[in-house]
Amino acid sequence: MTRLWSPAARLSGAARSVQVDSVVSRLFGDDVSPQTRTILNQGSNPIATSALPAAATRLQSQSQLAQILGLALGAPEFQRR
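### A few points about the overall build of the protein chain
For step 1, the next point in the chain: When you go through the protein chain residue by residue, the secondary structure sums to six helices and zero strands.
For step 2, the next point in the chain: Helices and strands appear in the protein chain in the N-to-C order α-α-α-α-α-α.
For step 3, the next point in the chain: The 81 residues of the protein chain split such that 30% are buried.
For step 4, the next point in the chain: By sequence separation, contacts in the protein chain at least 24 residues apart represent 66% of the contacts at least 6 residues apart.
For step 5, the next point in the chain: Accessible surface for the protein chain amounts to roughly 5,100 Å². Of this, 54% is attributable to carbon and sulfur atoms.

See below:
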């Protein structure tokens, strides 16, 4: 996923907060709720529960940037577009 997005190479070694800021800027025009920003910064999927261990395991094993992008695509702000 990240190989197709041109800023991925530049962001791959950046701090998580820089990655989150870039994803939020490019996908949402900097317009996300504080809850979405917190989820992206923490890297926790609020839907993944103990009932869904495979989903949680997949999220934890992804690269940080891929994880941020995946969570951003599932954010309510993205779903409304």
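Let us keep going from here.
### A few points about the pattern of salt bridges
Any two side chains of opposite charge can pair, given that their charged atoms come close.
For step 1, the next point in the chain: Scanning the entire structure with this criterion turns up one salt bridge.
For step 2, the next point in the chain: Residues Asp21 and Arg37 are paired through a salt bridge, measuring 2.8 Å at the closest nitrogen-oxygen approach. One end of the pair, Asp21, is in helix α2 (residues 16–28); the other, Arg37, is in helix α3 (residues 34–42), with 16 residues separating them in the sequence.
For step 3, the next point in the chain: Exposure remark for Asp21: the relative accessible area of 41% places this residue in the partly exposed category.

### Regarding the layout of surface pockets
For step 1, the next point in the chain: What the largest pocket holds in volume is close to 200 Å³.
For step 2, the next point in the chain: For the lining of the largest pocket, the secondary-structure elements that each account for two or more residues are α3 and α5 (64–73).
For step 3, the next point in the chain: Grouping the amino acids of the lining of the largest pocket by side-chain chemistry returns seven nonpolar, six polar and no charged.

About the thresholds
Residues numbered from 1 in each chain as written. Predicted model: local features only at pLDDT ≥ 70, side-chain atom pairs only at ≥ 80, totals over all residues. Heavy atoms only, no water. Helix = DSSP H or I, 4+ residues; strand = E, 2+ residues; numbered from the N terminus. Buried < 20%, exposed > 50% of the residue type's maximum accessible area, 1.4 Å probe, protein only. Contact = heavy atoms within 4.5 Å. Areas by Shrake-Rupley, 256 points an atom, 1.4 Å probe, with all protein chains shown as cover. Salt bridge = Lys/Arg side-chain N within 4 Å of Asp/Glu carboxyl O. 1 Å grid on protein atoms, 1.4 Å probe; cavity = no way out; pocket = protein on both sides within 12 Å on 5 of 7 lines; lining within 4 Å. Points joined across faces, edges and corners; volume = space filled by probe spheres on them. Nonpolar A, V, L, I, M, F, W, Y, C, P; charged D, E, K, R; others polar.

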